[in-house]
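Report on the structure
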Amino acid sequence: MIITRDPALMQIVAVSLRVTGTALLFSTLVGIPLGSWLGLTRFLGRRLVIALLYTGMGFPPVVVGLSVYLMLSRSGPLGSLELSLIPRLFTINAMVVAQVIISFPLVAGFTMAAVMGVDPNLRQQVISLGATNWQATLAVLLEARLGVIVSIIAGFGSIISEVGAVMMVGGNIESATRVLTTAIVLETRKGNFDLAMALGVILLGLSFLANVIMLRLQGRSFEP
Amino acid sequence: MTDAVYRLKKVSKAYGPREVLYVDFLEIQRGEVFGIVGPSGAGKSTLLRLLDFLEPPTSGQLHFTDCYSSNGSRAPLDVRRRVTTVFQRSVLLNTSVYGNVAYGLKIRGDKEIQRKVKGVLEQVGLSDLIRDRARFLSGGEAQRVALARAMVIEPEVLLLDEPTANLDPYNVGLIEDIVTDLNRERDTTIVLVTHNVFQAKRLAHRVALLLEGKVVEVAPVQDFFEAPRDSRTAAFVRGEMVY
């Protein structure tokens, strides 16, 4: 199936990449600034925000799926509004929403830890060299790049392999919302272990490839 | 007619209820090396942070040349970029020596980064290390990189916060020579905070003694060391002040 580029398989891979890629993009766009802000500033209620973030890092995906399901269902508080901005259940957009909720606390939490690990004097010293606040934050993020990339890898890992939430809000609809993990579950239940294994290998391969790309982004940071 | 770079009038700095610095009046002249000595906790580094506009004073007036007076808010970027500090414990970026020295020029969008970086590294004797990773440098080399990254942006005022603390005599000598040349050749105003009264004597034109957040005495270097007006200055110079 892999060699012949089976259209059904390619469709599943494409949906997986689209859902995970979009969710990771949003998680990164929200998580890195949030993590940087929490790591660099002190304000009243910061500990509470961090406690909530840590709780979010341990959210069971199936509970996230259930919550999103209830929110987006036609009788739910958001679904009943029937606004074009609010995604419908059993669509790719609904799956993206669930995956963003799962992964952004990880991206934000690990980014915060990485930023807090950078020598606090660095920010003051680059500001003394004439950096704006934004340039100083960027300098700190670049120093923390190893940890920031790890945060993205953690976020990616949490959603590429996730099955409970996407099954619940996506519905595992063929040619529409079926992704690699939900396809593996389905094929295993049907007794098609060869196909399930093949899908598993593809999933592992994609995960490996994504992590290699991110390691390249880390550059020479891993060198002693 | 004086040509003051800084003029401080009744400037105070407090953190919460605790006032850590109060300067009734202080002028720092253009082109001079101004030494600030005093024991630990005297407020020397706090004063330097105010002069570098890293923090605004809690009250009082801090004038910088004729272009800026503190009003409680942060100094504008163009004013901040005319001053920089070399800290006692410099934190270098996790990149090459070149990348560290080029940083201040990059954020300014300078067009001649390569030429300027090479020039300044030659001045501080680190041309051979231009491609080396900054994290592998010795303490003396790292401090010279910190000095180079400050010099390359050609600041009007260079603030030095214990720049040679914990360095070996060879590196102390090198850094003192660089600072002296910088002041003589470029007429850069230098404010030197140091524990080391001998270093202040070697480098400064005028010296101030700071004790418990207050300026005790400001005098030309010769008067400060040979004919101090205040008995506390005399005790500090003789090394009798325990801290």
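Cut-offs used in this document
Residues numbered from 1 in each chain as written. Chains lettered and ligands numbered in written order. Predicted model: local features only at pLDDT ≥ 70, side-chain atom pairs only at ≥ 80, totals over all residues. Heavy atoms only, no water. Helix = DSSP H or I, 4+ residues; strand = E, 2+ residues; numbered from the N terminus. Buried < 20%, exposed > 50% of the residue type's maximum accessible area, 1.4 Å probe, protein only. Contact = heavy atoms within 4.5 Å. Areas by Shrake-Rupley, 256 points an atom, 1.4 Å probe, with all protein chains shown as cover. Lys, Arg positive; Asp, Glu negative; His and termini not counted. Charge placed at Lys NZ, Arg CZ, Asp CG, Glu CD. Salt bridge = Lys/Arg side-chain N within 4 Å of Asp/Glu carboxyl O. Pairing = 2+ DSSP bridges. Core = buried A, V, L, I, M, F, W, Y, C linked by side-chain atoms within 4.5 Å. Buried area = accessible area lost by both parts, 1.4 Å probe. Nonpolar A, V, L, I, M, F, W, Y, C, P; charged D, E, K, R; others polar. pLDDT = per-residue confidence, 0-100. Expected span 1.5 Å × (residues − 1). Bend = angle between axes of the 7 residues up to and from the residue.

**Here's the deal with the overall build of chain A**
Within chain A, the secondary structure is distributed over ten helices and zero strands. Helices (α) and strands (β) of chain A occur, in sequence order from the N terminus, as α-α-α-α-α-α-α-α-α-α. The principal-axis extent of the C-alpha atoms belonging to chain A is close to 65 × 45 × 25 Å. The buried share of chain A, taken over its 224 residues, is 45%. Across chain A, the fraction of contacts at a sequence separation of at least 24, relative to all contacts at a separation of at least 6, is 69%. As displayed, chain A has an accessible area near 11700 Å², and 69% of this comes from carbon and sulfur atoms. Side-chain charges of chain A comprise 14 positive and 9 negative groups, with the mean position of each set lying 8 Å from the other.

**Comments concerning the pattern of salt bridges**
All names here are of chain B. Inspection of every chain in the model, using the stated rule, returns 15 salt bridges over all chains. E32 is the salt-bridge partner of R206, the closest N and O atoms lying 2.8 Å from each other. Here the residue R206 occupies a position in strand 9 (residues 206-211), and E32 occupies one in the loop between strand 2 (18-29) and strand 3 (33-37), the gap between them amounting to 174 residues. Accessibility classification places R206 together with E32 in one group, the buried group. One network of salt bridges, in which partners are shared, links D3, R30, R82 and E156.

**Looking at the pairing of strand 8 (residues 189-194) of chain B**
Residue and element names in this part refer to chain B. For strand 8, a buried count of six out of six residues is recorded, marking the element as mostly surrounded by other parts of the structure. Taking every second residue as pointing to the same face, both faces of strand 8 are buried, with T189, V191 and V193 on one and I190, L192 and T194 on the other. By the bridge criterion, five bridges tie strand 3 to strand 8 in an arrangement that is parallel. Bridge pairing in strand 8 links V37 to T194. When strand 7 (residues 157-161) meets strand 8, the two strands line up parallel, connected through five bridges. Looking at strand 8, one finds that L160 is bridged to L192.

**So, the nonpolar core**
One finds V101, L121 and L147 of chain B to be the most contacted residues of the largest nonpolar core, which totals 109 residues. Take this core: its biggest share by element is ten residues, from helix 4 (residues 92-116) of chain A. Leave out the neighbours within four places in its chain, and V101 of chain B touches V117, V120, L121, V145, A148, R149 and V152 of chain B. Among the nonpolar cores identified, the runner-up in size contains 29 residues, and Y6, L62, L159 and L210 of chain B belong to it.

**A look at the side chain of S73 of chain A**
Residue and element names in this part refer to chain A. Assignment of secondary structure puts S73 in the loop between helix 3 (61-72) and helix 4. The class for S73 is buried, based on a relative accessible area of 12%. Dropping the residues within four chain positions of it, S73 is found in contact with G79, S80 and L89.

**Some thoughts on the interface of chain A and chain B**
On the side of chain B, 27 residues touch chain A, which itself brings 20 residues to the contact. Summed over both sides, the interface of chain A with chain B buries roughly 2000 Å², with 47% coming from carbon and sulfur. By the criterion of area lost to chain B, the three top residues of chain A are Q125, S128 and L129 of chain A, representing 34% of everything that side buries. The tally of links between chain A and chain B comes to one salt bridge. Across the pair D119 of chain A and R89 of chain B runs a salt bridge whose closest N-O atoms are separated by 2.7 Å. Its residues assigned to classes, the side of chain A that touches chain B comprises seven nonpolar, eight polar and five charged.

**Points about the environment of G31 of chain B**
All names here are of chain B. The topology assignment puts G31 in the loop between strand 2 and strand 3. Accessibility expressed as a relative area gives 14% for G31, which makes it buried. The spacing of G31 and T95 is 64 residues in sequence and 33 Å in space, taken between C-alpha atoms. What G31 contacts, discounting residues up to four positions off in sequence, is N183, D187, T188, T189 and H205.

**A few points about unusual backbone geometry**
Residues and elements named next belong to chain B. The backbone phi angle of D187 is positive, close to 60°, even though this residue is not glycine. Topologically, D187 is positioned in the loop between helix 6 (169-186) and strand 8. The phi angle at E212 is positive, at roughly 50°, despite the residue not being glycine. Turning to its location among the elements, E212 is positioned in the loop between strand 9 and strand 10 (214-220). Using a relative accessible area of 72% as the deciding quantity, one classes E212 as exposed.

**Digging into the confidence of the model for chain B**
Averaged over all residues, the pLDDT of chain B is 93; the fraction at 70 or higher stands at 98%. Here the predicted complex carries an ipTM of 0.92, next to a pTM of 0.85.

**A short note on helix 4 of chain A**
Residues and elements named next belong to chain A. Between its first and last C-alpha atoms helix 4 spans 35 Å; for 25 residues at 1.5 Å apiece the expected length is 36 Å, and the two agree. The largest bend along helix 4 measures about 30° and falls at S103, with the proline P105 one to four residues further on. By the criterion of burial, helix 4 is predominantly enclosed, with 18 of the 25 residues buried.

**Observations concerning the environment of L24 of chain A**
Residues and elements named next belong to chain A. Mapped onto the fold, L24 is located in helix 1 (residues 7-40). A relative accessible area of 11% places L24 in the buried class. Taking the C-alpha atoms as reference points, L24 and A196, separated by 172 residues in sequence, lie 25 Å from one another. Not counting the four nearest positions on each side in its chain, L24 is found in contact with I152, G155, F156, I159 and M214.

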